[in-house]
Amino acid sequence: GTLAVGTLELADNAKAKFGTGDDLQIYHDGTNAFIVNTTGDFLFRNRAGNEIKIQAVSGEQSIVANANGSVDLYHDGSKKFETTSTGVQVGGTSTNLIIQEGTVSATAGGMITFKNTDGNGIARDVVRIKGFTGDSTGGYGELTLQTAFNNTLNDCLIIRKDKNVELPNDNQLLKIGAGQDLQLLHDGSRSSINNRTGELRVLAN
């Protein structure tokens, strides 16, 4: 029932109180400013349909909540984190890390995807790390590494819950050594061990 026309000035520690129980209070104690809510939820709403911005320095974004869109976090004015329709994105626009949320279940999984931009300016998935519970509710996990070839991600390395390490594709070489001189291969029909320098020794101990 109070109408203030012009500037409303309050002394330090004088509180503007709202609600029957004075549940919302705004004041300055001479050093710091406070907005205090003592009951229910504390909601920020922009009915204009635009974003809500928090700026630690005037004109420099710190947190931006976009209407019907992402929530963005900034460091020194540079965006470092944003939510997306599939999870969250960390980093810039040309090279970034995407973390996607997995569904909580016996076969739950999550992904970390590394992206870059091709010559046409199109964002491409180039490396993906996939983690899964290994079809078990007993606290097991499996890890898959994928890399891209011709814009298609392929499984390259799998670590199973039984601790076995797999190269899942035929004609996929395991190369060992600074010059990659020791190579192991299965081509779908035969297996081979190729040593390209020095001696190939089989030791009993």
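The written sequence of each chain sets the order in which its residues are numbered from 1. The model is predicted, so local features are restricted to residues of pLDDT at least 70 and side-chain atom pairs to those at 80 or more, both for listing and for counting; the totals for chains, interfaces and linings are taken over all residues. The basis for every side-chain value is the complete set of non-hydrogen atoms in the structure, without hydrogens or water.

**Some points on the overall build of the protein chain**
Turning to step 1, where the next piece is worked out: Along its length, the protein chain carries zero helices and 17 strands.
Turning to step 2, where the next piece is worked out: Across the 205 residues that make up the protein chain, the buried fraction comes to 12%.
Turning to step 3, where the next piece is worked out: Residue contacts follow a heavy-atom distance rule, with two residues in contact if any of their heavy atoms lie within 4.5 Å. In the protein chain, the share of contacts with a sequence separation of at least 24, taken over all contacts with a separation of at least 6, comes to 7%.
Turning to step 4, where the next piece is worked out: Note on areas: these come from Shrake-Rupley sampling with a 1.4 Å probe, and a residue is covered only by the protein chains present in the view. Accessible surface, the protein chain as shown: approximately 15200 Å² in total, 50% of it carbon and sulfur. Each helix corresponds to a stretch of at least 4 residues labelled H or I by DSSP, and each strand to a stretch of at least 2 residues labelled E; elements are numbered beginning at the N terminus. For every residue, the accessible area (1.4 Å probe, protein chains only) is compared with the maximum for its type, and the residue is labelled buried under 20%, exposed over 50%, or partly exposed between those bounds.

**Let's talk about the sheet that holds strand β1 (residues 16-18)**
Turning to step 1, where the next piece is worked out: In spatial order, the strands read β1-β2-β3; together these three strands make up an open sheet with antiparallel pairing. Each edge of the open sheet is held by one strand with a lone partner, namely β1 and β3 (33-37). When the angles between neighbouring strand axes are averaged without regard to direction, this sheet yields 10°.
Turning to step 2, where the next piece is worked out: DSSP calls a pair of strands paired once it identifies at least 2 bridges connecting them. Both strand β2 (residues 24-28) and β3 contribute to a ladder of five bridges, which runs antiparallel. Counterpart to H28 in the pairing with β3 is A33. Structural elements are reduced to axes, namely lines fitted to C-alpha atoms, with helices fitted over the stretch in contact, and the angle between N-to-C directions of any two is expressed from 0 to 180 degrees.

**Some thoughts on the side chain of D72**
Turning to step 1, where the next piece is worked out: As for its placement among the helices and strands, D72 is situated in strand β6 (residues 71-75).
Turning to step 2, where the next piece is worked out: The buried charged residue D72 lacks any salt bridge partner; its closest oppositely charged side chain belongs to K79, at an N-O distance of 4.0 Å.
Turning to step 3, where the next piece is worked out: Of note is the side chain of D72, whose polar atom sits 3.1 Å from the side chain of N66. When charges are counted, Lys and Arg are positive and Asp and Glu negative, with His and the chain ends excluded. Any carboxyl oxygen of Asp or Glu that lies within 4 Å of a side-chain nitrogen of Lys or Arg is treated as forming a salt bridge with it. We call two N or O atoms a polar contact when they sit within 3.5 Å, provided that within protein one can donate a hydrogen and the other can accept it, with sequence-adjacent residues counted only if both atoms are side-chain atoms.

**Concerning the packing of aromatic side chains**
Turning to step 1, where the next piece is worked out: Stacked, edge-to-face and tilted are the three classes for Phe, Tyr and Trp ring pairs, Trp counted by its six-membered ring, which pair at centre distances within 6.5 Å; planes under 30 degrees apart are stacked, over 60 edge-to-face, the rest tilted. Under the counting rule described, the total for this entry stands at two aromatic pairs.
Turning to step 2, where the next piece is worked out: When the ring of Y27 is compared with that of F34, the centres are 5.1 Å apart and the planes differ by 15°; the resulting orientation is stacked.
Turning to step 3, where the next piece is worked out: Assessed through its relative accessible area of 30%, F34 is described here as partly exposed.
Turning to step 4, where the next piece is worked out: Both rings, one in F42 and one in F44, keep their centres 5.3 Å apart while their planes meet at 45°; by these two values the pair is tilted.
Turning to step 5, where the next piece is worked out: Residue F44 is classed as exposed on the basis of its relative accessible area of 61%.
Turning to step 6, where the next piece is worked out: Lysine NZ or arginine CZ positioned within 6 Å of the ring centre and within 35 degrees of the ring normal marks a charge as sitting over the ring. The aromatic ring of Y27 is capped on one face by K15, whose charged end is 4.7 Å from the ring centroid.
Turning to step 7, where the next piece is worked out: Looking at K161, its charged tip hangs above the ring of Y140, at a distance of 5.7 Å from the centre.

**Quick word on unusual backbone geometry**
Turning to step 1, where the next piece is worked out: Here the phi dihedral of D22 falls at roughly 55°; this positive angle occurs in a residue that is not glycine.
Turning to step 2, where the next piece is worked out: Residue position: D22 is located in the loop between β1 and β2.
Turning to step 3, where the next piece is worked out: Positive phi is not limited to glycine here, since N68 has a value of about 55°.
Turning to step 4, where the next piece is worked out: Along the chain, N68 falls in the loop between β5 (63-65) and β6.
Turning to step 5, where the next piece is worked out: Given the relative accessible area of 89%, N68 is considered exposed.

**What to know about the side chain of K130**
Turning to step 1, where the next piece is worked out: Relative to the helices and strands, K130 is located in strand β11 (residues 123-132).
Turning to step 2, where the next piece is worked out: Lacking a salt bridge, the buried K130 has D155 as its closest oppositely charged neighbour, with an N-O distance of 5.1 Å.
Turning to step 3, where the next piece is worked out: If near-sequence neighbours (up to four positions away) are discounted, K130 is found in contact with G110, M111, E142, L143, T144 and Q146.

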